[in-house]
Amino acid sequence: MLKIAGTAATAAGIGVGTGAVATPAAAAGGAYAHPGLLHTKADLARMAAKVKAGAQPYTAGFAKLTANAHAQSSWTPRPAATVYRGGGSPQNYAALYKDIHAAYQNALRWHITGEGAHADTAVNILNTWSGTLTSVQGSADRFLAAGLYGYQFANAAELVRDHADFELDRFKTMLSEVFAPLSDDFLANHNGAVVTNYWPNWDLANMACVLATGIFCDDKAQVARAVDYFKDGEGLGAVKKAIPVVHDDGLAEWLEAGRDQGHALLGVGLMGTFCEMAWNQGIDLYGYDDNRFLKGAQYVAKWSMGDNVAYTANTRAKGAVNGWSGRETAADAAGVDQNMTRPIWAMIANHYTKRRGLDASYLTRIAAKAAPEGGGGDYGPNSGGYDQLGFGTLAFTRDKATAAEAGASPSASTTTSGSGTTSKKGASSADPSASASAQGGRSEDLAATGTSDFPAWTAAGGVAALAGGLLLLRRRNRSGGGPTA
């Protein structure tokens, strides 16, 4: 039985405007609009309507979802009171991330089809964990668990937060007392290490948890902390540290490109997730600092497809505060495997080329190559295959915004946060002709994708460009959960 008013209408595919750029205003009487993390009501209605109409590439993306073992209503959760990652006994965090992805996939499937069994499964998974889990422990990797699984848990729960059987207050307590404190502590203290000891992904995962928890729990102060950290944080996850150099060609080098490809892709996915959740609450971080994230994502896309990119040698201080110390230099961009992928590109490419009407040819090409994107369980058995919720082809493909929509701000020109009113910095990104440096591909043979839409964008629908998603991420640690972030 459907238990949320209006869900049946959504599942039935009531027509909605699919090109609108404006994001939801804050919920009446509350701090934030709900649902309002990675997906809004309009997003969910668009997916349902497009799938019902048999439109591509949505149906190809939906087929990836329904084929995934985690998206089945027969899924049975395996909760634990304490989750360990990287240390402690037993290391049982795989059960957590698999259950989170099952909850998310079943909830998404419910919104698209209206099949109540999937809602019931998602709610059961989430309720069982919130009634059982009391702590996340382990080595430094416990902070990765808090960050990655905290933001994912919040997104899964956001999709069923109004379900009659969902224990909303208990879930808020779990996020606020188990996950978010670890993430807040990491951003403040970095596990007792010097601030540059940890690569950007560590910060980005925990930033995503703090932001998602703040939105889910209507905690303005927590949202403000996350947004402020994105702009001016001390750690390497802050946008100008993760993307330290902007080149004259409109691309901006990604710091972790000097480390390896897998972690650079993870970072792009996490920053995109952070920006999308903020956008859906009226905060434009996608456009912050003259589209800095666009320039960095274009750089990683170009590099990942085997093209040469510039890299400025970077030396990081490592070690513990008042303890051991060392230094490490990344002298050049690492080598790449052009077949390596993560389900991260559709969301980012659609924002810049469809919502904003900007040119992003590298993003367009790599998103087409990766389509249709799958999710947890489609990219290998280890934890790295579950770092993103995925299904971007289904969830984030959108029609091109009109000129007026592309010039609109998210919700309004400013948005209220815990620290007051946040200016829409980087507002020039709303103008498709705002900055040549934001174009990122004018000199290529490809057409400027902000205006003509590279043909592979449309051809991608229904084409298993990556052999049905069987292409696996190469991981350094194949016996465990993959490399640390």
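Above: the structure in question.
A brief report on the enclosed structure follows. (Residues numbered from 1 in each chain as written. Predicted model: local features only at pLDDT ≥ 70, side-chain atom pairs only at ≥ 80, totals over all residues. Heavy atoms only, no water.)

1. Focus: the overall build of the protein chain
Looking only at helices and strands, the protein chain features 18 helices and 8 strands. Counting every position in the protein chain, which comprises 485 residues, the buried fraction comes to 61%. Here the contacts in the protein chain between residues at least 6 apart in sequence split such that 78% fall between residues at least 24 apart. Carbon together with sulfur atoms contributes 50% to the accessible area of the protein chain, which is approximately 16300 Å² in total. (Helix = DSSP H or I, 4+ residues; strand = E, 2+ residues; numbered from the N terminus. Buried < 20%, exposed > 50% of the residue type's maximum accessible area, 1.4 Å probe, protein only. Contact = heavy atoms within 4.5 Å. Areas by Shrake-Rupley, 256 points an atom, 1.4 Å probe, with all protein chains shown as cover.)

2. As for the packing of helix α13 (residues 345–355) against helix α14 (residues 361–370)
Contact geometry for α13 and α14: axes closest at 9 Å, N-to-C directions at 140 degrees. Remark: the crossing between α13 and α14 carries left-handed chirality. From α13, W345, A346, I348, A349, Y352 and T353 reach across to α14, where they touch L363, T364, I366, A367 and A370. Class assignment of the residues belonging to the contact of α13 with α14 gives a composition of 9 nonpolar, 2 polar and no charged. (Axes fitted to C-alpha atoms, helices over the stretch in contact; angles between N-to-C directions. Left-handed = near helix turned anticlockwise from the far one by under 90°. Nonpolar A, V, L, I, M, F, W, Y, C, P; charged D, E, K, R; others polar.)

3. Points about α14
Most of α14 sits inside the fold, with 8 of its 10 residues counted as buried. Along α14, the residues classified as buried are S361, Y362, L363, T364, I366, A367, A368 and A370.

4. Topic: the pattern of salt bridges
The final tally for this structure, using the stated rule, is 13 salt bridges. Between D43 and R398 there is a salt bridge, and its shortest N-O distance comes to 3.9 Å. Of this pair, D43 sits in helix α2 (residues 41–53) while R398 sits in the loop between α15 (392–396) and α16 (403–406), and the two are 355 residues apart along the sequence. Just as D43 is buried, R398 falls in that class too. Where R161 meets E158, a salt bridge forms, and the shortest distance between an N and an O atom there is 2.8 Å. (Salt bridge = Lys/Arg side-chain N within 4 Å of Asp/Glu carboxyl O.)

5. Quick word on the nonpolar core
With 131 residues, the main nonpolar core has F153, F179, M271, F293, W345 and L363 as its most contacted residues. Residue contacts for M271: discarding those within four places in its chain leaves L204, F230, G237, V239, A242, I243, W254 and F293. (Core = buried A, V, L, I, M, F, W, Y, C linked by side-chain atoms within 4.5 Å.)

6. Quick notes on the pairing of strand β1 (residues 82–85)
Every second residue of β1 is oriented toward a common face, with T82 and Y84 on one face and V83 and R85 on the other, all of them buried. For β1 and strand β2 (residues 135–138), the ladder comprises 4 bridges, and the chain directions are parallel. Opposite V83, over in β2, you have V136 as the bridge partner. (Pairing = 2+ DSSP bridges.)

7. Overview of unusual backbone geometry
Of the consecutive residues H34 and P35, the connecting peptide bond is found in the cis state with omega at -10 degrees. When you line up the elements, P35 lands in the loop between α1 (7–11) and α2. Cis geometry is adopted by the peptide bond preceding P57, which originates at Q56 and carries an omega value of 5 degrees. Positioned with a positive phi, N291 is a non-glycine residue whose angle comes to about 60 degrees. Of note, N291 is situated in helix α12 (residues 288–304).

8. What about the packing of aromatic side chains?
By the definition in use, this model includes 19 aromatic pairs. Geometrically, the ring pair formed by Y97 and Y386 is tilted, given 4.7 Å between the ring centres and 40 degrees between the ring planes. Of the two residues, Y97 is situated in helix α4 (residues 93–113) and Y386 in the loop between α14 and α15; the sequence distance between them amounts to 289 residues. The same class applies to Y97 as to Y386, namely buried. Every member of this aromatic cluster is reached through a ring pair, and the members are W129, F153, F166, F171, F179 and F216. Seen from the ring of F216, R161 lies directly overhead, with NZ or CZ sitting 4.6 Å from the centre. If you follow R316 out to its NZ or CZ, it ends over the ring of W199, 4.1 Å from the centre. (Phe/Tyr/Trp six-rings, centres within 6.5 Å; stacked < 30°, edge-to-face > 60°. Lys NZ or Arg CZ within 6 Å of the ring centre and 35° of its normal.)

9. Thoughts on the pairing of strand β6 (residues 325–330)
Pairing analysis gives 6 bridges linking strand β5 (residues 314–319) to β6, with the strands arranged antiparallel. Along β6, the bridge assignment pairs K318 with G326. The loop that links β5 with its antiparallel partner β6 comprises 5 residues; one of these, N322, has a positive phi angle of about 60 degrees.

10. As for the packing of helix α9 (residues 220–232) against helix α11 (residues 261–279)
One can describe the packing of α9 onto α11 by two numbers: an axis separation of 12 Å at closest approach and a directional angle of 130 degrees. Between α9 and α11, the crossing angle belongs to the class labelled oblique. At the point where α9 passes α11, the crossing takes the left-handed sense. Residue-level contacts link A226, V227 and F230 of α9 to M271, F274 and C275 of α11. (Parallel < 35°, antiparallel > 145°, perpendicular 65-115°, else oblique.)

11. Focus on the side chain of T273
Turning to its location among the elements, T273 is positioned in helix α11. The buried category is assigned to T273, whose relative accessible area is 5%. Apart from the residues within four sequence positions on either side, T273 is in contact with L38, Y151 and M347.

12. Let's talk about helix α8 (residues 200–216)
Over its 17 residues, α8 extends 24 Å from the first C-alpha to the last, a length consistent with the 24 Å expected when each residue adds 1.5 Å. Most of α8 is tucked away, with 17 of its 17 residues classed as buried. Positive phi appears at D218, one or two residues downstream of α8, with a value of about 55 degrees. (Expected span 1.5 Å × (residues − 1).)

13. Observations concerning the environment of P35
Judged by its relative accessible area of 12%, P35 is buried. Contact partners of P35, with chain neighbours within four places excluded, come to T40, K41, L44 and E158.

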